[in-house]
Structure formats: structure tokens, C-alpha cells
Amino acid sequence: MKKTNKFLLKFTLVLSAFMCQADPMILQPNLGSLAEEFPNLSYSTVTMIITVSALFLGIAALASGKIAQKVGKKRLLIIGSVLFGCGGCLTSVMPSFALIILCRVIEGLGAGFVITVSMTLIPELFPSEKESNQILGMNAVATALWGTFIGTAAGYLGVISWKCANFLYLIGFIILVFQLLVIPSDNRNVSEDADTPKGKVTSSAYSVAILAFLFAVVSTIFMTNVAAFIIEAELGNSSQAGITVSVMTIGAFLIGLAFARIFESLKALTPVISYICMAIGVIIPVLMPTYLITCVGAFIFGMGYGTYFPYINAEAIRISSPENADANISLVNGAYYIGMFASSFLMAALASIFHTSSAIFNYKFMGIVFTLFVIYYLFAAVKEKKKA
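No experiment lies behind these values; they were computed from the predicted model shown. (Residues numbered from 1 in each chain as written. Predicted model: local features only at pLDDT ≥ 70, side-chain atom pairs only at ≥ 80, totals over all residues. Heavy atoms only, no water.)

1. Here's the deal with the overall build of the protein
Thought 1: A tally of helices and strands in the protein yields 18 helices and zero strands.
Thought 2: Relative to the globule expectation of 21 Å for 388 residues, the C-alpha radius of gyration of the protein, 20 Å, shows essentially globular dimensions.
Thought 3: Taken over the C-alpha atoms alone, the protein extends approximately 60 × 55 × 40 Å along its principal axes.
Thought 4: Relative to its 388 residues, the protein shows a buried fraction of 57%.
Thought 5: In the protein, the proportion of contacts linking residues at least 24 apart, taken out of those at least 6 apart, comes to 85%.
Thought 6: Put simply, the protein has 23 plus and 18 minus side-chain charges, and the middle of one group is 7 Å from the middle of the other. (Helix = DSSP H or I, 4+ residues; strand = E, 2+ residues; numbered from the N terminus. Rg over C-alpha atoms; globule rule 2.2 N^0.38 Å. Buried < 20%, exposed > 50% of the residue type's maximum accessible area, 1.4 Å probe, protein only. Contact = heavy atoms within 4.5 Å. Lys, Arg positive; Asp, Glu negative; His and termini not counted. Charge placed at Lys NZ, Arg CZ, Asp CG, Glu CD.)

Structure (C-alpha cells):
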């Protein structure tokens, strides 16, 4: 593989993954405005515009391995990109919440195909662990940069109408051009490959998938409550919420630049530091509810999120062999995005149990859970050190 081709392949894989991963950034700043347009719906129901997409993204991720065997990875990437772009844009013209949800289902399926196939191609095209970790770090950086731009743009467009922000999905069709020109076609006969036995999911992959699921469940509460927290605490409107989301992605961006080195240096302590940052990020805005402190908290949270997200993907790759990589990576990605969907049910359960749907309460809950994860990973790191 020529050097130029390697660069273009890395760029295209990262482009494919991050544009879909940053999808919630378009919607988060305008959830408050969307809730006002549908006053008969609870806020947890409105957040399903994000989480239902995550559910079908997770389903598509779980099915990607088998579908790719039938149609080929490149073809599935292209199909996914078309579904992602069309589903996202059509959300703006739907006259009812039910049809909006249908469009989000289509968008989620497309994003699931694109993200998962992109991730399975990383170890396939770049088998070096160091190089694959660098690509995951690049992906975190790109997602943060794109999220910074798209979150701010969506917030300002949301001042006009939340519907205007959804036309930002048109940019997603750029993915198609690079996929068509750069991603190599499957070398093998697809129909024959479909009949070839593949490696099964390993037991360690199930453990990583559970951790990815739990991480997604709780971290999505932050994503879906940023705008509500700012409005509830009377700190600003959708424009300020968009800026806050962008500040979070800047934190993720800075960490992503050095992820490969961080992972190499910290090893088992990587998730500990990640969850410490996320805990601090949600606790300080509750203790000092000002817009500046909320932005500082979002930045610190972004640093934690930007470390843990590539870490969990790196773990999925690390525990895999070429035979079971597709199955393991599909499982972990599917678990993560199904966790995003399950987040709305957790928020509804919390609202029912504690008789409040307050975003401030949700921030407190996240602080407690993130702290528990810090303790869990500390014990895991000590246990691993004793084994060594």
C-alpha cells in the first residue's frame, strides 16, 4: 500500500465514522425548542429523537457483519451513507413527531452501517496496534472538530428553527465521494465469503460490550440534558447550549490528539482518568451554576469522554484476532449505541422514582455513577497490576 493511499484510506475511514458519530451534536442544542413545539410530549419522549436513532444504529451495528458478508463492506458503506443523509434531512419536513421518529430510524440504520464497517476496516487495513490506535485518536479529534463546528452551527440555526439545523445532514453526502473513490472493493468473492465460517464473539468481547453499554447509557444523559440544564438554570438559550456542546467537543479534540500516547502511558489507568474527568464535568456546574462554570464542566467532561470512547474501541480491537474482529467490533459498537437508546428509559425511570425530570437532578445522578466507575476501574487496575 502506497503512502498516499494509506493517508487517503485513513482519512476516508475517519471521515466516514466521525460524521455519523457527531450526529447527536446537530440535535442536542435544539432539544429545548423541539420540546416547545410538542408541548404534549414529556421531555424524555422528545429526547427519543436522539435515542431511537441510537437503538437502530445499534441494531444495524450488530447486523453489519453478516450483511457485509452478503453485499461487501464497500457497498454497505455506500448504502449506509445514503440512508444517513436522506433520513437526517427528511426530519426537517415531517409534519408529525411519529414521522420524525421514522426518519430518525432510517438515519440510525445508515449511521450504524457506516460506523461499524469503518471500525472493522481499521484492523483489516492497518493491523498494527499502534497504527490502529492512532486512527482511533484521529477519529476522536475529527469527531470533536466536526462537533465543534456542527454544534455551534446547529445552535445558531436553531434560533431560526430547529428544522433548519437538520439540513446540515446534506454535508453527509460528502462521505459518498470519498468512499466511492478511495475504499478498495472487497478482494474476495462476496457470495463465497458469506458461506465461510467466521470467528465467534469472544467472552472478553461481552465484558467490553457491557462496559460500552453502561458508558453510553449514562454519558448520553449528559448529551441530552445540556440544553435543558442551561435553560432550567436560566443560563441561556439554544445558542448558548450549542456553544457549550462545542466546548465539550474541544476538550475531546485536545485529548484525541494525544490518545495513542495517553493509552500507551496510562494503560489500565486510562478509564480511571476518563471517569474522573466526566465526574468533575457534571459535578461543578451543579455546585456553581453559572454559564462559565457550565462550559468549564463541559470541557472537562469532553476530555473524559474523548479518552474513554476511543479506549473502548481500542479494547475491542485489542482483544480480537483477524477471524473474530468483525464479530467483536460489531458487538461492542452495537452495545454502545443500544445503550444510548436505553438512556431515555433510564431518565424516565428516574423521573418516576424520584418524581422529578429536572436536568439538575440528572447531572447529580451522573456525578454519582461516574464516581462509582472510577472506583470500579481503580480496583480493576490494582488487580491487573498484581497479576503482572
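2. Here's the deal with helix α14 (residues 259-266)
Thought 1: Of the residues making up α14, those classed as buried are Phe-259, Ile-262 and Phe-263. The buried residues of α14 occupy an angular sector of 95 degrees when projected down its axis, which confines them to one face. Structural note: α14 exposes Arg-261, Glu-264 and Ser-265 on the side pointing more than 90 degrees away from its buried face.
Thought 2: Just downstream of α14, Lys-267 is the residue with a positive phi angle, here 55 degrees. (Arc of directions from axis to C-beta.)

3. Brief notes about the state of the cysteines
Thought 1: All told, the structure shown has zero disulfides when counted by the stated rule.
Thought 2: A disulfide-free cysteine, Cys-89 has its sulfur positioned 7.2 Å from the sulfur of Cys-86, the nearest such atom.
Thought 3: The class of Cys-89 is buried, set by a relative accessible area of 10%.
Thought 4: This cysteine, Cys-164, is not joined by any disulfide, and Cys-89 carries the nearest cysteine sulfur, 12 Å off. (Disulfide = S-S within 2.5 Å.)

4. Some remarks on the pattern of salt bridges
Thought 1: Under the defined criterion, the tally for this structure stands at six salt bridges.
Thought 2: Across the pair Asp-326 and Lys-73 runs a salt bridge whose closest N-O atoms are separated by 3.2 Å. With Asp-326 in helix α17 (residues 325-354) and Lys-73 in helix α6 (residues 73-90), this residue pair connects regions lying 253 residues apart in the sequence.
Thought 3: Arg-318 is the partner of Glu-315 in a salt bridge, and the nearest nitrogen-oxygen pair spans 2.8 Å. (Salt bridge = Lys/Arg side-chain N within 4 Å of Asp/Glu carboxyl O.)

5. Here we look at the confidence of the model for the protein
Thought 1: Averaged over all residues, the pLDDT of the protein is 83; the fraction at 70 or higher stands at 92%.
Thought 2: Across the protein, element-level confidence peaks in helix α15 (residues 270-287) with a mean pLDDT of 95 and bottoms out in helix α11 (residues 190-194) with 46. (pLDDT = per-residue confidence, 0-100.)

6. Overview of the packing of helix α12 (residues 203-232) against α17
Thought 1: One can describe the packing of α12 onto α17 by two numbers: an axis separation of 7 Å at closest approach and a directional angle of 40 degrees. Here α12 is positioned oblique relative to α17, judged by the angle of their axes. Here α12 runs over α17; the crossing is right-handed.
Thought 2: Grouping the amino acids of the contact of α12 with α17 by side-chain chemistry returns 19 nonpolar, six polar and no charged. (Axes fitted to C-alpha atoms, helices over the stretch in contact; angles between N-to-C directions. Parallel < 35°, antiparallel > 145°, perpendicular 65-115°, else oblique. Left-handed = near helix turned anticlockwise from the far one by under 90°. Nonpolar A, V, L, I, M, F, W, Y, C, P; charged D, E, K, R; others polar.)

7. Examining the nonpolar core
Most often, soluble globular proteins have nonpolar side chains that are buried together.
Thought 1: In terms of nonpolar packing, the biggest core is built from 114 residues, with Phe-222, Tyr-275, Phe-301, Tyr-308, Tyr-336 and Phe-370 touching the most fellow members.
Thought 2: For this core, the element with the most residues is α12, which contributes 17 residues.
Thought 3: Not counting residues up to four positions away in its chain, the partners in contact with Tyr-275 are Phe-215, Tyr-308, Phe-370, Phe-373, Val-374 and Tyr-377. (Core = buried A, V, L, I, M, F, W, Y, C linked by side-chain atoms within 4.5 Å.)

8. A short note on the environment of Gly-72
Thought 1: By the secondary structure assignment, Gly-72 is in the loop between α5 (48-71) and α6.
Thought 2: Take Gly-72: its relative accessible area is 1%, and that puts it in the buried class.
Thought 3: Between the C-alpha atoms of Gly-72 and Thr-249, which are 177 residues apart in sequence, the distance is 33 Å.

9. A closer look at a nonpolar patch on the surface
Thought 1: A contiguous nonpolar surface patch, about 430 Å² in accessible area, is contributed by Leu-266, Leu-269, Ile-273, Ile-276, Ile-280 and Leu-378.
Thought 2: If you tally residues by element for the nonpolar patch, the top one is α15, at three residues.
Thought 3: On the basis of relative accessible area, Ile-273 is assigned to the partly exposed category, the value being 40%. (Patch = residues over 30% accessible without salt bridge, like charges linked within 9 Å, V, L, I, M, F, W, Y side chains within 5 Å. Areas by Shrake-Rupley, 256 points an atom, 1.4 Å probe, with all protein chains shown as cover.)

10. Some words on the packing of aromatic side chains
Thought 1: Under the criterion given, the structure shown has 25 aromatic pairs.
Thought 2: Here Phe-301 and Phe-370 contribute two aromatic rings whose centre-to-centre distance is 6.0 Å and whose plane-to-plane angle is 50 degrees, an arrangement assigned as tilted. Taken together, the residues span a long stretch of sequence, with Phe-301 in helix α16 (residues 291-318) and Phe-370 in helix α18 (residues 359-387) at a distance of 69 residues. Of the two residues, Phe-301 and Phe-370, both sit in the buried class. (Phe/Tyr/Trp six-rings, centres within 6.5 Å; stacked < 30°, edge-to-face > 60°.)

11. Concerning helix α10 (residues 174-182)
Thought 1: Within α10, burial applies to Ile-175, Leu-176 and Gln-179. An end-on view of α10 places all buried positions within 100 degrees of arc, on one side of the element.

12. Side note on the packing of α17 against α18
Thought 1: Interaxial distance between α17 and α18 falls to 11 Å at its minimum, and their mutual angle equals 110 degrees. The orientation of α17 relative to α18 falls into the category roughly perpendicular. Contact residues: α17 offers Leu-346, Met-347, Leu-350 and Phe-354, while α18 offers Phe-361, Asn-362 and Phe-365.
Thought 2: In terms of residue class, the contact of α17 with α18 is built from six nonpolar, one polar and no charged.

13. Describing the environment of Thr-152
Thought 1: Inspection of the secondary structure puts Thr-152 in helix α8 (residues 129-160).
Thought 2: A relative accessible area of 25% means that Thr-152 is categorised as partly exposed.
Thought 3: Residues Thr-152 and Ser-239, 87 residues apart in the sequence, show an inter-C-alpha distance of 7.3 Å.

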